[in-house]
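# Report on the structure
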Amino acid sequence: MTNWMHHLLILPILLPLMVGAAMIPIDERNRMAKGVMGFVSTLALFILSMVLMRIASTDGVPAGSGVYQLGNWPAPFGIVLVLDRLSALMLCLTSGLALAAQAYSIARWHTSGHHFHSLFQLLIAGLNGSFLTGDLFNLFVFFEMMLAASYGLLLHGSGPLRVKAGLHYIAINLAASSLFLIGVSLIYGATGTLNMADLSMKLATLSPDDRQMVEVGAGVLGVAFLVKAGMWPLSFWLPTAYAAATPPVAAVFAILTKVGIYVILRLSLLVFGASAGASAGFGQSVLLAGGLLTIAFGAIGVLASQAMGRLAAYSVLVSSGTLLAAIGLGHPSMIAGALFYLVSSTLTIAAFFLLIELVERGRDAGADVLAVTMEAYGDADEDEEEEEAGAAIPGTMAILGLCFCLCALLLAGLPPLSGFVAKFAILGGLFGLSGTETAPAVSAADWTYVTLLIVSGLAAMIAMNRVGIRTFWASIENTVPRVVVIEITPVVVLLAACIFLSLQAGPAMRYMQATADSLFDPTGYTERVLTAPRAGGQ
Amino acid sequence: MEIILSAAIGVLTASGVYLLLRPRTYQVIIGLSLLSYAVNLFIFGMGRLRVNAPPVLEPGGVGDLSRFTDPVPQALVLTAIVIGFAMTALFLVVLLASRGFTGTDHVDGREQRHD
């Protein structure tokens, strides 16, 4: 691997950080320029993450590639960035979502507050850092960076509703950050290392007392991630916050819950995998029970919500619960399907968040929210925004309705789209349909999971039907919302990505399977990290 | 010394959690601050308590490592303090914005809610 290729690994963090910082001094009147800058940066990131994905999925990579030593110190002592299939996948998903949300925001929403595009870039930098880092404390720093940006973005647009939701969101996340620190320092106190790969090697050799300390630390740490992921008793903040956020922000927030899930998946399989001795499988029963309860809570929430924003927010919970319970069940054959589900459901929910505002624009409820926003920011923007709005699309209602139908199919997991493929892959893995391995014994927990997964799909179907009929067929004041091309394009592109995922399910599943295999056999990961040579000679 | 430190952490955490659960925004922010002090002390304690031991090596060689204290938790505490401070400042701004919108310092803004 040539020298410059090696440095590609730091770019997903550095590029948005620099662009975000460079945009701060630019005057807010040049919003369009900022938007274009941000969009170009995100586009570059998207291409970059594709390249990184290709590098990560090349088999037989030489030792040391995909590991970037910050400060050129070897692994257990210095901080490293690690690229593997899972992190490359998450990078790709992040930049794809960000691209769509950013394009959407340029049409209207970035005018309703200051520094939207800077915050957006900083959020991406924090997300990418969290996915790439191989060090626990560094993970905390990137986590905080991502959270700080997300506070700003949630408050974007201001208004009493958002400030109230933001207050709760910030308070709970600050408390969770304290837990994060306690967990990390407990683990450091017991093992003397913060490097994830080193930690997984050391765990088996610890004395029982120290191992108990690590388990306590991991438990406390896990609570911090579960708050982020929205596991049931820790998730009451989520629907309000997500429903209050502006649409492009809510769309990109769809991946914030997945950060929690990513870390739990990574750490539980790396540190508490088969090699952990007596600690193997630590916390799985909690993940399983919590995941099942989250699906149930989310499904009830989906049925109970009147507003579409809350419906989408509860769908986030269902998606989180499905993934957490799949991790908790711990069948290697299910994880590939779960990863496929992660990608598909994140794209769907993001598209749905973007679509909601377009659909509701013509209705009174939506108009109220908008009026509040305008009131908070002053009337001056209304004229400006009319000028900026491009050509309205013809056949608005037909296109919106079609997108809504696709969202409903994807959320409920009906064939032929990727929502169905994902659920089928999870259940297929559970019942041993993949053909490569013998069928695992199906336990009571497995049956509960299967039932809840299918019932949650039914709940989503009923709720989407009800909302769809009320919005598109039984609408009394037949106003057609004015939607411009740049707003509907991101929704269409996200849904097209889901359709593409369903058409290319074979290659996608092969990638997910390879990812899952490498997660369940972390020796490759730890060896790569710990034996990586220093750059520039010995 | 261990007793004093652990008691201090315990008292700070208990007061922090109590205040965090109170309904006024000012109490919540003080609670979060106390909690972050407790956490900072806790991180520091995880490097083991040593008196009169420097965390950095002296010039001219490594020397006897048992005479030094663990520098990593001290570096972590520094980072945690900075981040915690910034977050508290940010929370303060949101708190004031909420006060401005709702006219009350209740965390739910309930006294003025009509919906």
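Here is a short report on the structure shown in this document. (Residues numbered from 1 in each chain as written. Chains lettered and ligands numbered in written order. Predicted model: local features only at pLDDT ≥ 70, side-chain atom pairs only at ≥ 80, totals over all residues. Heavy atoms only, no water.)

## With respect to helix α9 (residues 208–229) of chain A
Taking 1.5 Å as the rise per residue, α9 of chain A with 22 residues should run 32 Å; its terminal C-alpha atoms sit 30 Å apart, in good agreement. The first or second residue beyond α9 of chain A is Gly-230 of chain A, which carries a positive phi of 80°. (Helix = DSSP H or I, 4+ residues; strand = E, 2+ residues; numbered from the N terminus. Expected span 1.5 Å × (residues − 1).)

## Some details on the interface of chain B and chain A
Counting from both sides, the interface comprises 28 residues of chain B and, opposite them, 28 residues of chain A. In total, chain B and chain A occlude about 2400 Å² of area from one another, counting both sides; carbon and sulfur atoms represent 83% of this. At the boundary of chain B and chain A, one finds 0 salt bridges. Here chain B and chain A share 4 residue pairs in polar contact (both at pLDDT 80 or more) between them. Of all the elements in the fold, those that place two or more residues in the side of chain B that touches chain A are α2 (25–45) and α3 (71–102) of chain B. Element by element, the count of residues in the side of chain B that touches chain A is highest for α3 of chain B, at 14 residues. Residue composition of the side of chain B that touches chain A, by class: 21 nonpolar, 3 polar and 4 charged. (Contact = heavy atoms within 4.5 Å. Buried area = accessible area lost by both parts, 1.4 Å probe. Salt bridge = Lys/Arg side-chain N within 4 Å of Asp/Glu carboxyl O. Polar contact = N/O pair within 3.5 Å; in protein donor to acceptor, adjacent residues only side chain to side chain. Nonpolar A, V, L, I, M, F, W, Y, C, P; charged D, E, K, R; others polar.)

## Considering a nonpolar patch on the surface
Taken together, the side chains of Leu-11, Leu-14, Leu-17 and Met-18 of chain A make up a nonpolar region of the molecular surface, amounting to roughly 330 Å² of accessible area. With respect to the helices and strands, Leu-17 of chain A occurs in helix α2 (residues 11–23). (Patch = residues over 30% accessible without salt bridge, like charges linked within 9 Å, V, L, I, M, F, W, Y side chains within 5 Å. Areas by Shrake-Rupley, 256 points an atom, 1.4 Å probe, with all protein chains shown as cover.)

## Structural notes on the layout of surface pockets
Residues and elements named next belong to chain A. Estimates place the volume of the second largest pocket at around 910 Å³. Forming the walls of the second largest pocket are 28 residues, and the residues nearest its centre are Phe-46, Met-50, Cys-92, Phe-500 and Leu-501. At the level of elements, α3 (31–56), α4 (85–107), α15 (332–360), α21 (485–503) and α22 (505–520) are the ones that each hand at least two residues to the lining of the second largest pocket. (1 Å grid on protein atoms, 1.4 Å probe; cavity = no way out; pocket = protein on both sides within 12 Å on 5 of 7 lines; lining within 4 Å. Points joined across faces, edges and corners; volume = space filled by probe spheres on them.)

## Quick word on the pattern of salt bridges
Residue and element names in this part refer to chain A. Applying the stated criterion across every chain yields a total of 6 salt bridges over all chains. A salt bridge links Lys-34 to Glu-28; its shortest N-O distance comes to 2.9 Å. Owing to a relative accessible area of 2%, Lys-34 belongs among the buried residues under this scheme. One connected set of salt bridges, linked through shared partners, spans Glu-28, Arg-31 and Lys-34. (Buried < 20%, exposed > 50% of the residue type's maximum accessible area, 1.4 Å probe, protein only.)

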